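# Working through the structure, step by step
Here is what each chain is made of, one letter per residue.
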Amino acid sequence: QVQLVESGGGLVQAGGSLRLSCGSSVRTFSSYDMGWFRHAPGKEREFVATISRSGGYTYYADSVKGRFTISRDNAKNTVYLQMNSLTPEDTAVYYCAARIHSGAYYVTTSYDYWGQGTQVTVSS
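Residues numbered from 1 in each chain as written. Predicted model: local features only at pLDDT ≥ 70, side-chain atom pairs only at ≥ 80, totals over all residues. Heavy atoms only, no water.

Across all of its chains, the model carries 1 disulfide by this definition. Paired through a disulfide, Cys 22 and Cys 96 show a sulfur-sulfur distance of 1.9 Å. One end of the pair, Cys 22, is in strand β3 (residues 18–24); the other, Cys 96, is in strand β9 (residues 92–99), and 74 residues separate them in sequence. A single burial state applies to Cys 22 and to Cys 96, both of which are buried. (Disulfide = S-S within 2.5 Å. Helix = DSSP H or I, 4+ residues; strand = E, 2+ residues; numbered from the N terminus. Buried < 20%, exposed > 50% of the residue type's maximum accessible area, 1.4 Å probe, protein only.)

One finds Met 34, Trp 36, Leu 81, Met 83 and Tyr 94 to be the most contacted residues of the largest nonpolar core, which totals 34 residues. Counting only elements with at least two residues in this core, the list comes to β3, β4 (33–39), β5 (46–51), β7 (68–73), β8 (78–83), β9 and β11 (118–123). Top contributing element to this core by residue count: β9, with 5 residues. Excluding residues that lie within four positions of it along the chain, Met 83 makes contacts with Gly 16, Ser 17, Leu 18, Leu 20, Arg 67, Phe 68, Tyr 94 and Val 120. (Core = buried A, V, L, I, M, F, W, Y, C linked by side-chain atoms within 4.5 Å. Contact = heavy atoms within 4.5 Å.)

With that out of the way, let us pick up unusual backbone geometry. What is expected of a backbone is that most residues other than glycine have negative phi and most peptide bonds are trans. Located in the positive-phi region is Asn 77, a residue other than glycine, with phi close to 55°. Following the sequence through the fold, Asn 77 ends up in the loop between β7 and β8. For Asn 77, a relative accessible area of 15% corresponds to the buried category. Although it is not a glycine, Ser 85 sits at a positive phi angle of roughly 50°. With respect to the element layout, Ser 85 can be found in the loop between β8 and β9. Take Ser 85: its relative accessible area is 42%, and that puts it in the partly exposed class.

A few words on the packing of aromatic side chains. According to the stated counting rule, one finds 8 aromatic pairs in the structure shown. Where Tyr 32 meets Tyr 113, the ring centres are 6.2 Å apart and the plane angle is 75°; that geometry is what we call edge-to-face. Highlighted residues: Tyr 32 in the loop between β3 and β4 and Tyr 113 in strand β10 (residues 113–114), separated in sequence by 81 residues. Judged by its relative accessible area of 21%, Tyr 113 is partly exposed. Geometrically, the ring pair formed by Phe 37 and Tyr 111 is edge-to-face, given 5.1 Å between the ring centres and 80° between the ring planes. Linking Phe 37 in strand β4 with Tyr 111 in the loop between β9 and β10, this pair joins segments that are 74 residues apart in sequence. Tyr 111 matches Phe 37 in its accessibility class, with the two residues each being buried. An aromatic cluster of at least three residues, connected via ring pairs, comprises Phe 37, Phe 47, Tyr 59, Tyr 105, Tyr 106, Tyr 111 and Trp 114. Positioned above the aromatic ring of Tyr 80 is the side chain of Arg 19, whose terminal nitrogen or guanidinium carbon lies 4.0 Å from the ring centre. Arg 45 extends its terminal NZ or CZ atom over the ring of Tyr 95, reaching a point 3.8 Å from the ring centre. (Phe/Tyr/Trp six-rings, centres within 6.5 Å; stacked < 30°, edge-to-face > 60°. Lys NZ or Arg CZ within 6 Å of the ring centre and 35° of its normal.)

So, in structure tokens, the structure goes:
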């Protein structure tokens, strides 16, 4: 069982920045591709970004491309999401997720483990 714990959410003004972290105690953290998803009220959970096991590949949703950066530190068993130029449309609960099998990286069902989520609220 892989446990994921997100942190770093909060309230920020539009145009501001936040850095989310997601840590895990699993010894094989580097065996997992990691992803960030978000869930806004009244909407479905949507893909934000993903990073490959070694960190060599990253993919982003069009809505965050150029503003968000995903990274990971396998020595610390942690994945990050740096969010810049935030807008009220970025308000959501952000979840990190881990997957070990192949599949579409932007689909929630491709991920095996999920964190509990962290709230990000962007005020206008």
